[in-house]
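Single-letter residue listing:
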Amino acid sequence: MISLSKKYLTSIEDLSEDEIRYLISQAIEFKTKKSDNGNNNQILAGKTLALMFEKPSTRTRLSFEAAMFQLGGNTIYLNANDLQLSRGESIQDTAKTISLYVDCLVSRVHSHNTIIELSQNCKIPLINGLSDLYHPCQSLADLMTILEYKKSFKGLTLAWIGDGNNVCNDLLMGCAKVGINIRAAIPEGYEPPQHVLEVVTHESKLKQTDFTIVREPVYAVRNADVVVTDTFVSIGKEKEVDKRKSIFIPKYQVNDQLMNYSKDNAIFMHCLPAKRGQEVTSEVIDGKKSVVWDEAENRLHVQKSLLVSLLI
Ligand code: CP
Ligand code: NVA
């Protein structure tokens, strides 16, 4: 077991390629040994994970809570609205207080600045459970799913279709770090932030892989090994729903017609929750190329891998 060089995970940028590969291989071990793993593995006995969430969650909350319970630890879920934070207590003081009682904090926040402030003030490991900019745990589960299906990252091309959002940002940086070619079809004005583009460009040059942003989804998907999309309206963007729908739909919708341009053995991924009929059709998400349920399951195994690496 290796411990990570940083005691926090704010974005996939915090991890080296070796650390990403290690976390995934350890997650695959958790998954393949799952029958005798269960409640028999008490490796996190006596450890407590707090989950402080400002936004709703199904998979992230459940997978972290289940991971802790299955490894012998405990969890405390904190709706941020129930804390003194909602009455004006500072992030700094909240972080210092939480650090007195538990061993690790996962936080889902509106503004990524909150994650940075938490990471600077927590005395315990801090994991970003999704911010407006990044979703590192999702990216790890996505890379694990790609490796499971494709056996190696070498030579693969991933097509991202749609919004250059939090999930996109970390997935693109993660893919670039492990040497996956990237073609992203994103409308003008919805590209990832400059910093993300610079990291992806830099990592792709190091690995001698391709990274291009195009406007036409067909150009991105043609002969791709992996096709990924996410909602066009992330949490916090609800006021832009009409504008976004008019820009993204129907051009950026992943449907059978678009998937037909990918390789015969291509896989389709989506972090979920999906808005069926918007960014993806039911025929694709329920279709033979879809691996979305393995992707969702892998959240559990990756969380275990991450928790063990941060807490032991
Ligand atoms: N993919 C993901 O993070 O799902 P939740 O919003 O349900 O946690
Ligand atoms: N991009 C989505 C991901 C949800 C898991 C959002 O931020 O709402």
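What you see is a predicted model; the values in this text were computed from it and never measured.

Draft legend 1. The site of ligand 2, seen in detail. Near ligand 2 the following residues occur: Leu130, Asn165, Asn166, Val167, Asp230, Thr231, Ser234, Ile235 and Leu272. Between an oxygen atom of ligand 2 and a side-chain N or O atom of Asn166, the distance comes to 2.8 Å. Note that an oxygen atom of ligand 2 is positioned 2.8 Å from one of the backbone N or O atoms of Ile235. For ligand 2, whose accessible area on its own is 270 Å², the fraction buried by protein is 93%. Each residue belonging to the shell around ligand 2 can be placed in one class, and the counts come to four nonpolar, four polar and one charged.

Draft legend 2. Broad picture of the environment of Val199. Inspection of the secondary structure assignment puts Val199 in helix 8 (residues 194-207). Remark: the alpha-carbon pair of Val199 and Leu158, spanning 41 residues in sequence, is separated by 17 Å. In this structure, Val199 is in contact with Glu13 and Met173, ignoring residues within four places of it in sequence.

Draft legend 3. Representation of the packing of aromatic side chains in the model. Evaluation of the coordinates by the stated rule reveals four aromatic pairs. Consider the rings of Phe232 and Phe248, whose centres lie 4.6 Å apart with planes at 15°: the pair is stacked. With Phe232 in the loop between strand 9 (226-229) and helix 10 (241-248) and Phe248 in helix 10, the pair connects residues that are 16 residues apart, well separated along the chain. Feature note: the residues Tyr190, Phe232, Phe248 and Tyr252 constitute an aromatic cluster, connected by ring pairs. Lying across the ring of Tyr77, Arg61 places its NZ or CZ 3.5 Å from the centre.

Draft legend 4. How the structure looks around the nonpolar core. Counting residues in hydrophobic clusters, the biggest one holds 85 residues, and the most contacted among them are Ile146, Trp160, Ile161 and Leu307. Top contributing element to this core by residue count: helix 13 (residues 292-311), with nine residues. The contacts of Ile146, once residues within four sequence positions are left out, are Lys151, Phe153, Leu156, Leu158, Ile180, Val226, Ile267 and Met269. The next biggest cluster of nonpolar side chains, apart from the first, holds 17 residues, and it includes Leu83, Ile91, Leu105 and Ile124.

Draft legend 5. Here's a closer look at the site of ligand 1. In the vicinity of ligand 1, the contacting residues are Ser57, Thr58, Arg59, Thr60, Arg108, His135, Gln138, Cys271, Leu272 and Arg299. Thr58 places a polar main-chain atom, nitrogen or oxygen, 2.7 Å from an oxygen atom of ligand 1. Arg299 places a side-chain nitrogen or oxygen 3.1 Å from an oxygen atom of ligand 1. Contact with the protein chains removes 93% of the 250 Å² of surface that ligand 1 exposes when unbound. Here the shell around ligand 1 is composed, by residue class, of two nonpolar, five polar and three charged.

Draft legend 6. Molecular detail of the pattern of salt bridges. All chains considered together, the criterion is met by 12 salt bridges. The shortest N-O distance in the salt bridge between Glu65 and Arg61 comes to 2.9 Å. Of the two residues, Glu65 and Arg61 both sit in helix 3 (residues 59-70), four residues apart, roughly one turn of that helix. Classification of Glu65 as buried rests on a relative accessible area of 13%.

Draft legend 7. Just the sheet that holds strand 2 (residues 48-53), in detail. On the basis of which strands lie adjacent, the open sheet formed by five strands has the order 1-5-4-2-3 and parallel pairing. On the outer flanks of this sheet lie strand 1 (8-9) and strand 3 (74-79), each paired with one strand and no other. Here strand 2 runs beside strand 3; their pairing, made up of six bridges, is parallel. In the strand pairing of strand 3, Leu51 is matched with Tyr77. Contacts from helix 5 (residues 112-121) reach strand 1, strand 2, strand 4 (104-108) and strand 5 (126-128), with the element oriented near 165° to strand 5.

Draft legend 8. A look at the state of the cysteines. Under the criterion given, the structure shown has zero disulfides. Free cysteine Cys168: the closest other cysteine sulfur is in Cys175, separated by 9.6 Å.

Draft legend 9. Region of the structure containing helix 3. In this model, helix 3 (12 residues) spans 16 Å end to end at C-alpha, consistent with the 16 Å of a helix rising 1.5 Å per residue. For helix 3, the complete set of buried residues consists of Thr60, Ser63, Phe64, Glu65, Ala67 and Met68. The elements touched by buried residues of helix 3 are strand 2, strand 3, strand 4, strand 5, helix 6 (136-150) and helix 13. Looking at the residues trailing helix 3, positive phi occurs at Gly72, about 90°.

Definitions and limits used
Residues numbered from 1 in each chain as written. Chains lettered and ligands numbered in written order. Predicted model: local features only at pLDDT ≥ 70, side-chain atom pairs only at ≥ 80, totals over all residues. Heavy atoms only, no water. Near = heavy atom within 4 Å. Polar contact = N/O pair within 3.5 Å; in protein donor to acceptor, adjacent residues only side chain to side chain. Areas by Shrake-Rupley, 256 points an atom, 1.4 Å probe, with all protein chains shown as cover. Nonpolar A, V, L, I, M, F, W, Y, C, P; charged D, E, K, R; others polar. Helix = DSSP H or I, 4+ residues; strand = E, 2+ residues; numbered from the N terminus. Contact = heavy atoms within 4.5 Å. Phe/Tyr/Trp six-rings, centres within 6.5 Å; stacked < 30°, edge-to-face > 60°. Lys NZ or Arg CZ within 6 Å of the ring centre and 35° of its normal. Core = buried A, V, L, I, M, F, W, Y, C linked by side-chain atoms within 4.5 Å. Buried < 20%, exposed > 50% of the residue type's maximum accessible area, 1.4 Å probe, protein only. Salt bridge = Lys/Arg side-chain N within 4 Å of Asp/Glu carboxyl O. Pairing = 2+ DSSP bridges. Axes fitted to C-alpha atoms, helices over the stretch in contact; angles between N-to-C directions. Disulfide = S-S within 2.5 Å. Expected span 1.5 Å × (residues − 1).

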